[in-house]
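Listed below are the residues making up each chain.
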Amino acid sequence: MSDGAPLSLKRDGALLLPAAAVLAGLFIGPMLYFLVVSFFKVSLFKIVPGFDLGNYAKVVGSYGPPILFTMGIGFLIASVTTVLAFIVAHLIWTRGRRFSGILLAATLLTLFGGYLVKIYAWRTLLGRDGIVNNTLVGLGIVREPIEALLYSPVAVVLVLVSYLLPFAILPLYGALRSIEEKTIEAARDLGASPWAAVRDAVLPRCVPALVTAFALCFLVTAGDYVTPRMVGGTRTMMMGNFIESQFGLRMNVPLGAAMTYLTITASIAVIAFVWLALKTVLRPK
Amino acid sequence: MNAEPLVRLQGLAKSYGIYRAVHPLDLDFHEGDFLAILGPSGCGKTTLLKMLGGFVEPSEGAILIGGRDVTRLPPEKRPTNMVFQGYGLFPHMTIRQNVGYGLRIAGTPRAEVDARVRDMLALVQMEAFADKLPPQLSGGQQQRIALARALIMRPKVLLLDEPFAALDLKLRQAMQEELRRLHAEIGGTFVFVTHDQAEAMLLATKVVVMSRGKVEQVGTPEEIYLRPKTHFVSTFVGEANFLKACRRLARVSIEGAFAFDDAGPDGDVLVGVRPEKVRLGAAAARCDHRFSGTVTQRIFLGAQVQYTVRLQNGETFIACLQEGDLLPGDSIDVGWMSADQWVVTP
């Protein structure tokens, strides 16, 4: 380092140690611990060490539908958010001109309102006496307030999409910024319609950002247990809720750990699928 | 050449708010023309080219290509193709995919796309790079690919935006030669934008000189250089000596020297002469116009010797000669032929 050469992680690997220690101690360690625990058993509320696949068998046997539901709603929320985020980022990039900085700051401004504040805001909007229902009833469009607006999967989707949108806009805007405008002009010049130019000259170059945005939204959704409880109603149970109850009320940490690992595996599979699908669809012919 | 022009611009203009980037202009050019739009940066030349390509919407006027009004057509519907400044290649596509893109978009059968891409890569001598990605290529190689990608569409008009600006001198000369060869080989109508007058002279059959959004002069390189119509053109396309003169009743006279006929409005004018057309010493004796003067500076330029001469009326003249052993302080006759002079308003 004293020779003035730029830092190199290869040569000055010791610089990585603090960060590596934090990651190892607070993330990798606990994760490995729960991986081991997921093969343990519980007997009379006590954890019994051993190697037992019973927890996994139980999750597959009894929790298949909630896992599928969690993956499905996660896929829906992440897809909708990513598509909306791309549209917003693209608009800011192409039409924002000198206001692009302000528009971007405005999207980030929503992050100042915390997660729970947003949930409560949506409850106010969607509730039985909420603004939406009052308006609909007042206008005579429906005779009685629609109960299903709140305490339903629809509410979960609305809340999470609105919450996640800024997180998804950021990586996409960054990716768009690195694209030279003249490559789009070139596509148009060579005969591409405006839509074809986006498909051929813009989207393929956003694949890493699209996957990042999707994964971010998907993982937050797949691990969420607050939103479904607050606005999802009693019938919208996601894996997060089941895992939480195993770690909490039911005191069955091994089963909770097995649920966690199966959810993680399924999540990785969904993200890998989306990544491959995007790469295949957007590959230049 | 007197046939119907291929491209006709009628009163074409572009304004941004109150700022006129391009003043209304009329311009015709024909099939086979190699047209240079020449001017300093900010003169509106690129805006004009982008209007031709469909990337900038004109504020006024019309663009006709082959008799068809294309003024409001988007780029993809125009019979033009562009080589962009900085090339604008698709970085995620191979060279083959880049060159074939336009044909694929048009729904050309696979076999034909492949064959035409192969031919086009051979034409620009880039066959060996077909499966590379643009970032792996040098500037000159990317330039060839950008050319191939546009030419494969067989455009009625090929537009080139400062095509050689990013290349170093040697490579630029090679690419200029290449472009000339391509134009000779495949024909077609090329329009390129440049701020380099030497490049315009070298390549173009017709030069449009622009300044501050206005067309100053349109003509062959010879006309532009030897018969500039404005003061700006005189100095932009080469070095020029000027003598203050006055025109009255279609006769231009330089006080205490000579006079000649030249039609035009009355008023102050400048008589221009190129330095290499100026004769010194004995050679000046046979010239139509003569002054006496004193050499004030001699600069050896290799192929030429450049003299600065102070004329008897106090004005300074530059003369470029093939050889000469005059020294500062020498008294000398300065002369030039009528055919080598031109008159512009200051």
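Because the structure is a prediction, the values reported are computed rather than measured.

### Quick notes on the nonpolar core
Then comes step 1: Counting residues in hydrophobic clusters, the biggest one holds 103 residues, and the most contacted among them are Phe86 of chain A together with Leu9 and Val191 of chain B.
Then comes step 2: For this core, the element with the highest residue contribution is helix 7 (residues 153–177) of chain A, accounting for 15 residues.
Then comes step 3: Ignoring sequence-local partners within four residues, the contact set of leucine 9 of chain B consists of Leu25, Asp26, Leu27, Asp28, Leu48, Leu52, Ala62 and Ile63 of chain B.
Then comes step 4: One finds Val99, Ala200, Ile224 and Val237 of chain B within the second-largest nonpolar core, a separate group that totals 42 residues.

### Quick word on the environment of aspartate 268 of chain B
Then comes step 1: Within the secondary structure, aspartate 268 of chain B sits in strand 14 (residues 267–273).
Then comes step 2: In sequence terms aspartate 268 of chain B and alanine 245 of chain B are 23 residues apart; their C-alpha atoms lie 6.0 Å from each other.

### Describing the pairing of strand 17 (residues 305–311) of chain B
All names here are of chain B.
Then comes step 1: When you tally the buried positions in strand 17, you get six out of seven residues, the bulk of the element.
Then comes step 2: In this structure, the hairpin formed by strand 16 (residues 289–300) and strand 17 is closed by a connection of four residues, where glycine 302 is found at a positive phi of approximately 95°.
Then comes step 3: Inspection of the sheet shows strand 17 paired to strand 18 (residues 316–321) by six bridges, in the antiparallel sense. Bridge pairing in strand 18 links arginine 310 to threonine 316.
Then comes step 4: Linkage of strand 17 to strand 18, two consecutive antiparallel strands, is achieved through a turn of four residues, within which glycine 314 is found at a positive phi near 95°.

### A look at the layout of surface pockets
Then comes step 1: Counted as a void, the largest pocket has a volume near 1,100 Å³.
Then comes step 2: In terms of lining residues, the largest pocket is bounded by 31 residues, among which Thr94, Glu181, Glu185 and Arg188 of chain A together with Phe55 of chain B are the most central.
Then comes step 3: If you list the elements that add at least two residues to the lining of the largest pocket, you get helix 3 (64–95), helix 8 (181–189) and helix 9 (194–202) of chain A together with strand 1 (7–16) of chain B.
Then comes step 4: With six residues, the single largest contributor to the lining of the largest pocket is helix 3 of chain A.

### A look at the interface of chain B and chain A
Then comes step 1: Listed by partner, the interface residues are 26 residues for chain B and 20 residues for chain A.
Then comes step 2: Of the roughly 1,900 Å² buried where chain B meets chain A, counting both sides, 59% is carbon and sulfur surface.
Then comes step 3: Counting across the interface, chain B meets chain A through two salt bridges.
Then comes step 4: We note a salt bridge from glutamate 185 of chain A to lysine 50 of chain B, for which the minimum N-O separation is 3.8 Å.

### Re the pattern of salt bridges
Then comes step 1: All told, the structure shown has 17 salt bridges over all chains when counted by the stated rule.
Then comes step 2: In this structure, arginine 229 of chain A engages glutamate 244 of chain A in a salt bridge whose closest nitrogen and oxygen atoms are separated by 2.4 Å. You can see arginine 229 of chain A sitting in helix 11 (residues 226–231) and its partner glutamate 244 of chain A sitting in helix 12 (residues 239–247), a full 15 residues away along the chain.
Then comes step 3: Across the salt bridge formed by arginine 247 of chain B and aspartate 262 of chain B, the nearest N and O atoms sit 2.5 Å from each other. Residue arginine 247 of chain B is found in strand 11 (residues 241–248), and its partner aspartate 262 of chain B is found in the loop between strand 13 (259–261) and strand 14; the two are separated by 15 residues along the sequence.
Then comes step 4: Here arginine 247 of chain B falls in the buried class, since its relative accessible area comes to 5%.
Then comes step 5: Here aspartate 262 of chain B falls in the partly exposed class, since its relative accessible area comes to 24%.
Then comes step 6: Look at the salt bridges and you will find they share partners, linking Arg144, Glu178, Arg181 and Glu185 of chain B into a network.

### Looking at a nonpolar patch on the surface
Then comes step 1: Where nonpolar side chains cluster on the molecular surface, the patch consists of Leu76, Val80, Val83, Leu84, Ile87 and Leu91 of chain A and spans about 470 Å² of accessible area.
Then comes step 2: The residue leucine 84 of chain A is located in helix 3 in this model.

### What about the sheet that holds strand 13 of chain B?
Residue and element names in this part refer to chain B.
Then comes step 1: Strand order in the open sheet formed by five strands is 13-12-11-14-20, and the pairing between neighbours is antiparallel. Every other strand in the sheet has two partners, leaving strand 13 and strand 20 (341–344) as the edge strands with one partner each. Ignoring which end each strand starts from, the neighbouring axes of this sheet average 35° apart.
Then comes step 2: With three bridges connecting them, strand 11 and strand 12 (residues 251–253) associate as antiparallel partners. Looking across to strand 12, one finds that arginine 247 is bridged to valine 252.

### Looking at the side chain of glutamate 185 of chain A
Then comes step 1: As for its placement among the helices and strands, glutamate 185 of chain A is situated in helix 8.
Then comes step 2: A relative accessible area of 14% places glutamate 185 of chain A in the buried class.
Then comes step 3: Contact partners of glutamate 185 of chain A, with chain neighbours within four places excluded, come to Lys50, Phe55 and Phe84 of chain B.

### Side note on unusual backbone geometry
Residues and elements named next belong to chain B.
Then comes step 1: Despite not being glycine, tyrosine 87 has its phi angle at roughly 75°, a positive value.
Then comes step 2: Tyrosine 87 gets classed as buried once you look at its relative accessible area, which sits at 6%.
Then comes step 3: Positive phi is not limited to glycine here, since arginine 212 has a value of about 50°.
Then comes step 4: Residue position: arginine 212 is located in the loop between strand 9 (206–211) and strand 10 (214–219).
Then comes step 5: What makes arginine 212 exposed here is its relative accessible area of 73%.

### Side note on the domain arrangement of chain B
Residue and element names in this part refer to chain B.
Then comes step 1: Structurally, chain B comprises domain 1 (7–227) and domain 2 (239–344).
Then comes step 2: Taking only C-alpha atoms into account, the centre of domain 1 sits 40 Å from that of domain 2.
Then comes step 3: With four residues of domain 1 at the contact, the number on the domain 2 side is six residues.
Then comes step 4: When domain 1 packs against domain 2, the two sides together hide about 420 Å² of surface, and 39% of this comes from carbon and sulfur.
Then comes step 5: Summed over the three residues of domain 1 that lose the most area to domain 2, namely Tyr225, Leu226 and Arg227, the buried surface amounts to 98% of that side.
Then comes step 6: The interface formed by domain 1 and domain 2 includes zero salt bridges.
Then comes step 7: For the interface between domain 1 and domain 2, the tally reads four residue pairs in polar contact (both at pLDDT 80 or more).
Then comes step 8: For the side of domain 1 that touches domain 2, a count of residues per class yields three nonpolar, no polar and one charged.

What counts, and where the lines are drawn
Here the residue numbers are simple positions, counted from 1 along each chain's written sequence. Chain letters and ligand numbers both follow the written order, the letters beginning at A and the numbers at 1. Two thresholds apply to this predicted model, a pLDDT of at least 70 for residue-level local features and 80 or more for giving and counting side-chain atom pairs, whereas whole-chain, interface and lining totals are computed over all residues. Water and hydrogen atoms play no part in the side-chain values, which are based on all heavy atoms of the structure. Among the buried residues, those of types Ala, Val, Leu, Ile, Met, Phe, Trp, Tyr and Cys that are joined through side-chain atoms within 4.5 Å form a nonpolar core. Burial classification: accessible surface area is computed with a 1.4 Å probe over protein chains only, and a residue below 20% of its type maximum counts as buried, one above 50% as exposed, and the rest as partly exposed. Strands here mean DSSP runs of E at least two residues long; helices mean DSSP runs of H or I at least four residues long; both are numbered from the N terminus. Every residue pair with non-hydrogen atoms within 4.5 Å of one another is taken to be in contact. Two strands qualify as a pair provided DSSP detects at least 2 bridges between them. We place a 1 Å grid over just the protein atoms. Points where a 1.4 Å probe fits but has no way out form a cavity, open points with protein on both sides within 12 Å along at least 5 of 7 lines form a pocket, and any residue with an atom within 4 Å of a point lines it. Grid points are joined across faces, edges and corners, and a volume is the space filled by probe spheres set on the points. Summed over both partners, the accessible surface that disappears when two parts come together, traced with a 1.4 Å probe, is what is meant by buried area. Salt bridge, as applied in this entry: a Lys or Arg side-chain nitrogen positioned within 4 Å of an Asp or Glu carboxyl oxygen. Distance thresholds for patches are 9 Å for like charges and 5 Å for nonpolar side chains (Val, Leu, Ile, Met, Phe, Trp, Tyr), applied to residues having over 30% relative accessible area and no salt bridge. Residue burial considers only the protein chains on display, and all accessible areas are found by Shrake-Rupley using a 1.4 Å probe. Axes here refer to lines fitted to C-alpha atoms; in helices the fit is confined to the stretch in contact. Angles between the N-to-C directions go from 0 to 180 degrees. The domain limits used here are those given by an automatic or database domain assignment. Polar contact is the term for a pair of N or O atoms within 3.5 Å; when the atoms are in protein, one must be able to donate a hydrogen and the other to accept it, and sequence-neighboring residues count only if both atoms are side-chain atoms. Charged residues are taken to be Asp, Glu, Lys and Arg, nonpolar residues to be Ala, Val, Leu, Ile, Met, Phe, Trp, Tyr, Cys and Pro, and polar residues to be all remaining types, Gly included.

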